[in-house]
Amino acid sequence: MNVLQGRKIVLIVSGGVAAYKSAELVRLLVKAGVDVHVVLTAAGARFVTAVTFQALSGNAVWSDLWDPRMPNNMAHIDLTRDADAIMIAPASADLLAKLANGLADDLTTTLCLARDCPLIVAPAMNRQMWEHPATMRNMRVLRDDGVTVLGPDSGEQACGEVGLGRMLEAEHLFLRLEVFFGPKTLAGRKVVLTAGPTFEAIDPVRGITNSSSGKMGYALARACVIAGAEVVLVSGPTALPVPDGVCRLSVASALEMREAVASVVDGADVFIGVAAVADYRPDRSAEHKIKKSGEAMQLTLVPNPDILAEVAARPDAPFCVGFAAESRDLDHYAEGKRKNKGLDMVVGNLVREGLGLDDNLVVLYDRGGRHPLPRATKAELAHGIVAHLAGLLNAHSLTRS
Ligand code: CTP
């Protein structure tokens, strides 16, 4: 289940060009099962209309402290009752200054002062406004008051200047909210993962690879970030974007993947081998493109190192998780891989159940036996896998300490 599902969030949209990104944020939140109630300030309404947010959230949009639609005229209490958080995106310099000083002269500021839930702000303003000592001072005060600050980002701004002040993109804010509400089961832990296929070159333009999309590995990397871990993803060639909060090392061949893993695995608490590593590579890669001759051609393949088994065999081995994608006898092969490679856990699936699909059916294998997970999307499965491995890891650490 998504960590945001069933939450209630009051989203305050104040004046700034970035208000258009908040429309996308509402869409993402609603899709994740969040009950979103939008408060649009007068300045915010200069950039986007209440109709947009009403259509996207499915809820009434509020702007006025004295709105007669509000029963007993207690908007500041009623709106935040049961709310899991108030989020302000974009948060203008003016609104942040008011909040830092505890003002309550309109619906927005009154809501923030009368709340008993967390306040999360995503600042958005011109670079010079952000860097101004007054804004810096206000941000210090807000942080000291326990307000969570997301961003701002740096980059090209609407005014044409380049610098810090842009509001984070909607999908980044969404991930930060997932982290905020996430279980923190991997807080303080370092996780290294491999993902995607490998590419074993035959010559400069040809090679041997496989059809792994990398989606499962990337979904797991994201789930580990949400669980609070520092995440390094060693990825074979894929078209997937780097998940926010993940450090990605891009590689092509199994040998490169092995080298990249060796360079980052020291001190890792968890290693998850999700990559579909080619078991063999051509014994040599031709320097120049091989020309056809009309004759039969022979390719000699030599075995690649088993990256996961090597990590699991280290004296300081992290908690090791492998994947077993099989076409038959799943229990037999998955449990066999767990034992032969000396792994703490294996995620098994029958390939006909999930090849290239977003939905999948997997079974987890550990010393305690087999644990099937309900059919779910790869993103949801990733949370289930992380929850299970974090449970084992934390129990393991407890018995060792
Ligand atoms: N793996 C690895 N390095 C390899 C081969 C596999 O790190 N050279 C890892 C994979 O990332 C996966 C697990 O080992 O987590 C199992 O991979 P898989 O290809 O299913 O198993 P193999 O051990 O290669 O066995 P086979 O191909 O015979 O099923």
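## Description of the overall build of the chain
Item 1. Regarding its fold elements, the chain presents 14 helices and 21 strands.
Item 2. Taken along the three principal axes of its C-alpha coordinates, the chain extends 80 × 50 × 40 Å.
Item 3. Taking contacts inside the chain between residues at least 6 apart in sequence as the whole, the part at least 24 apart equals 66%.
Item 4. In the form shown here, the chain has an accessible surface area of approximately 19,200 Å², with 53% of it arising from carbon and sulfur atoms.

## So, the packing of helix H1 (residues 19–31) against helix H8 (residues 170–181)
Packed helix pairs are specified by the crossing angle of their axes together with the interaxial distance, meaning the distance between the axes.
Item 1. Where H1 meets H8, the closest approach of the two axes is 8 Å, and the angle between their N-to-C directions is 45 degrees. Taken as axis vectors, H1 and H8 run oblique relative to one another. Along this stretch, H1 crosses H8, giving a crossing that reads as right-handed. Between H1, through Lys21, Glu24, Leu25, Leu28 and Leu29, and H8, the contact on the second element is made entirely by Ala170, Glu171, Leu173, Phe174 and Leu177.
Item 2. Looking at the contact of H1 with H8 residue by residue, the class counts come to seven nonpolar, no polar and three charged.

## Brief notes about the sheet that holds strand E5 (residues 148–149)
Item 1. Taken together, five strands build an open sheet; the order of strands is E2-E1-E3-E4-E5 and the sheet is parallel. Strand pairing shows two members of the sheet lacking a second neighbour, strand E2 (35–40) and E5, which therefore form its edges.
Item 2. Packed onto the sheet, H8 meets strand E1 (8–13), strand E3 (85–91), strand E4 (119–123) and E5 and runs at close to 155 degrees relative to E3.

## Digging into the nonpolar core
Item 1. Residues Leu11, Phe53, Met87 and Leu173 are the most contacted members of the largest nonpolar core, which totals 36 residues.
Item 2. Aside from chain neighbours lying at most four places away, what touches Leu173 is Leu25, Met87, Ala89, Ala122, Leu150, Met167 and Leu168.
Item 3. The next biggest cluster of nonpolar side chains, apart from the first, holds 35 residues, and it includes Met216, Ala223, Val225 and Val386.

## Observations regarding the pairing of strand E17 (residues 345–350)
Item 1. Across the six residues of E17, six count as buried, placing the element largely inside the fold.
Item 2. Residues Met345, Val347 and Asn349 of E17 are buried on one face, and the alternating residues Val346, Gly348 and Leu350, pointing to the opposite face, are buried as well.
Item 3. Note: strand E16 (residues 319–326) against E17, six bridges, orientation parallel. Directly across from Ala325, in E17, lies its bridge partner Asn349.
Item 4. Crossover E16 to E17 through helix H12 (residues 330–340) is right-handed.
Item 5. Here E17 pairs with strand E19 (residues 363–366) via four bridges, running antiparallel. Directly across from Val347, in E19, lies its bridge partner Leu364.

## A look at the sheet that holds strand E12 (residues 246–250)
Item 1. Spatially, eight strands are ordered E12-E11-E8-E13-E16-E17-E19-E20 in an open sheet, and the strand pairing comes out mixed. Across the chains shown, the open sheet's two edge strands, defined by having one partner strand only, are E12 and strand E20 (369–372). Averaged over all adjacent pairs, the angle separating strand axes in this sheet is 20 degrees, with direction ignored.
Item 2. Direction of pairing for strand E13 (residues 270–273) relative to E16: parallel, over a ladder of four bridges. Directly across from Phe271, in E16, lies its bridge partner Cys320.

Reading the values: rules and limits
- Residues numbered from 1 in each chain as written.
- Predicted model: local features only at pLDDT ≥ 70, side-chain atom pairs only at ≥ 80, totals over all residues.
- Heavy atoms only, no water.
- Helix = DSSP H or I, 4+ residues; strand = E, 2+ residues; numbered from the N terminus.
- Contact = heavy atoms within 4.5 Å.
- Areas by Shrake-Rupley, 256 points an atom, 1.4 Å probe, with all protein chains shown as cover.
- Axes fitted to C-alpha atoms, helices over the stretch in contact; angles between N-to-C directions.
- Parallel < 35°, antiparallel > 145°, perpendicular 65-115°, else oblique.
- Left-handed = near helix turned anticlockwise from the far one by under 90°.
- Nonpolar A, V, L, I, M, F, W, Y, C, P; charged D, E, K, R; others polar.
- Pairing = 2+ DSSP bridges.
- Core = buried A, V, L, I, M, F, W, Y, C linked by side-chain atoms within 4.5 Å.
- Buried < 20%, exposed > 50% of the residue type's maximum accessible area, 1.4 Å probe, protein only.
- Right-handed = clockwise from strand over helix to strand, strands pointing away.

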